[in-house]
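Remarks on the overall topology
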Amino acid sequence: MSLFCSKITSTKKYLLIMAKKPEKPTNGGKPPINKVPFDLDSFLEAENMDSEHTDKELSWVPLSKAWHDALKLPGFPRGFVSLVRGYSNTGKSTAFYEAIAGCQKIGDLAIVIETEGNWNTAHAKQIGVKFKEVVDRETGEITEKPDGFILVRSKDLYRMYKNYDHKESKMTTKATRGEPVIEDVSLYISEMLQKQSDGLIPQSMCFLWDSIGTLNCYKSAISNSSNNMWNAGAMGCFQAIVNFKIPATRSVDSEYTNTMICVQKIWLDSMNGTVIKHKGGEFMFFNSRIIVHIGGILTHGTKKLTAVALGQDFQFGTEAKIRCEKNHVTGIERNGVIASTPHGYVNPSELDSYKKENRQFIHDALNVSYETEINFTEEEGRLEGDDVKE
């Protein structure tokens, strides 16, 4: 018997088959659901969101021909935040004045915020900014006032907001500090945008600030100090303005197109490996869509243009390197040379024509007769004072 079983075992294979357990239904026994394909457009419509955002056609606040010759840009793009930077006395404010005149040409309301204390009405008029005469009914005295633009100086900001507590975000009954502050500029711009939204300002606006780094922040002011870190940090109060309120007006749904143009000085930090830094902090550098640098980096990058006659001299211009440091609008980043004069920017190749056209102006500035021979000289500009910190 054992022999027989052994034989069978050696010649046959036996398969052990285990019964498979029935699968449990994943839907709890419910009938299968027929899924509808996801329709993104329908979803966005239900959420009141437009998947096809459309901007207006790009337009510009125009500047002079010399600006276009050097950078191949017509001026500053409307609906964007732009920055002009450079060392002192490189010709930055000329762009500021030309932009005001450009706003007047296209009908935008220029809101000029001048906190550097260098506003010069005569210079503005020479560049092309328009003013209008106002006659005092009682005295008959004739004065001039801005024509189609608003000029806000440091004293105006202080008068409007000296009682404003920026820490508590409310107006008080007495002065909270003895100076205008960075946050006043932000608050003023926001209030003007709200007035536009309320229908009180029925036109596009261009905010021009000359310049960043000239005001303390609220915390510095109430502490009777000038803390650079506090001041730089306070620039964050412009976050909503530069990243939402201004850009939003580029949409075709926006009735108006608002723009912001800022001027900012730089300084050379030679203690940390000759690094360029911005007076007042880096906030606007990172948040501007076009940045134009005037002058040099490790040097001043300018030439003083001087007229000399009979022992008198008159600096009639500054020739400077210029380049588009950043362009997130058209992508064109060119560099060149430009000359800043009392009458605006001039292409350096056209300076001889400028001298002839403004011969009388130059002679008057030198206080010499029209027939007096004038010599013209050039001198390399140098980094001075606050341009370098060692």
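Computed from a prediction, not measured in an experiment: that's the story for all the values here.

Digging into the pattern of salt bridges
Opposite charge on two side chains allows them to pair when their charged atoms are near. What the rule picks out here adds up to 13 salt bridges. Residue Lys65 is joined to Glu350 by a salt bridge in which the shortest nitrogen-to-oxygen separation is 3.0 Å. In this pair, Lys65 is assigned in helix 3 (residues 65-71) and Glu350 in the loop between strand 17 (344-346) and helix 12 (351-357), connecting sequence segments 285 residues apart. Relative accessible area serves as the criterion here: at 34%, Glu350 is assigned to the partly exposed category. If you follow the salt bridges from partner to partner, you end up with Lys65, Asp69 and Glu350 in one network.

Structural notes on the packing of helix 6 (residues 154-161) against helix 7 (residues 182-197)
It is the contact of helix 6 with helix 7, at a shortest axis distance of 10 Å, that shows an interaxial angle of 75°. Between helix 6 and helix 7, the angle is such that the two are roughly perpendicular. When helix 6 is examined against helix 7, the residues Leu157, Met160 and Tyr161 are found in contact with a partner set consisting of Asp184, Val185, Leu187, Tyr188 and Glu191. Within the contact of helix 6 with helix 7, the residues separate by chemical class into six nonpolar, no polar and two charged.

Section: the environment of Val152
Mapping Val152 onto the fold places it in strand 7 (residues 149-153). For the pair Val152 and Thr115, spaced 37 residues apart in the sequence, the C-alpha separation amounts to 8.3 Å.

A short note on the layout of surface pockets
The space that makes up the largest pocket amounts to roughly 620 Å³. Taken together, 27 residues make up the lining of the largest pocket; nearest its centre are Asn89, Gly91, Ser93, Thr94 and His123. Secondary-structure elements contributing two or more residues to the lining of the largest pocket are helix 4 (92-106), helix 5 (121-127), strand 11 (259-269), strand 15 (312-327) and strand 16 (335-341). With five residues, the single largest contributor to the lining of the largest pocket is helix 4. Of the residues contributing to the lining of the largest pocket, the split by class is seven nonpolar, 15 polar and five charged. Lining the second largest pocket are 22 residues, and of these Asn228, Trp267, His278, Lys279 and Gly280 sit closest to its centre. Those elements that place two or more of their residues in the lining of the second largest pocket are helix 9 (228-234), strand 11 and strand 12 (275-278).

Rules used in this analysis
- The numbering scheme is per chain: residues are counted from 1 as the chain's sequence reads.
- Local features in this predicted model are restricted to residues whose pLDDT is 70 or higher, and side-chain atom pairs enter the listing and the counts only when it is 80 or higher, whereas totals over whole chains, interfaces and linings include all residues.
- As a convention, hydrogens and water are excluded, and side-chain values are obtained from all of the structure's heavy atoms.
- Between Lys or Arg on one side and Asp or Glu on the other, a salt bridge is scored when a side-chain nitrogen of the former is within 4 Å of a carboxyl oxygen of the latter.
- Numbering of helices and strands runs from the N terminus; a helix is a DSSP stretch of H or I covering at least four residues, while a strand is a stretch of E covering at least two.
- Partly exposed residues are those whose accessible area sits between 20% and 50% of the maximum for their type, while under 20% is buried and over 50% is exposed, using a 1.4 Å probe and protein chains only.
- In this analysis an axis means a line fitted to C-alpha atoms, helices contributing only their contacting stretch, and an angle means the value between N-to-C directions, from 0 to 180 degrees.
- Working rule for angles: under 35 degrees goes down as roughly parallel, over 145 as roughly antiparallel, 65 to 115 as roughly perpendicular, anything else as oblique.
- Any two residues whose heavy atoms approach within 4.5 Å are treated as being in contact.
- Under the scheme applied here, ten amino acids are nonpolar (Ala, Val, Leu, Ile, Met, Phe, Trp, Tyr, Cys and Pro), four are charged (Asp, Glu, Lys and Arg), and all others, including Gly, are polar.
- Only protein atoms enter the 1 Å grid, on which a cavity is a set of points fitting a 1.4 Å probe that cannot get out and a pocket is an open set with protein on both sides within 12 Å along at least 5 of 7 lines, lining residues being those with an atom within 4 Å of a point.
- Grid points are joined across faces, edges and corners, and a volume is the space filled by probe spheres set on the points.

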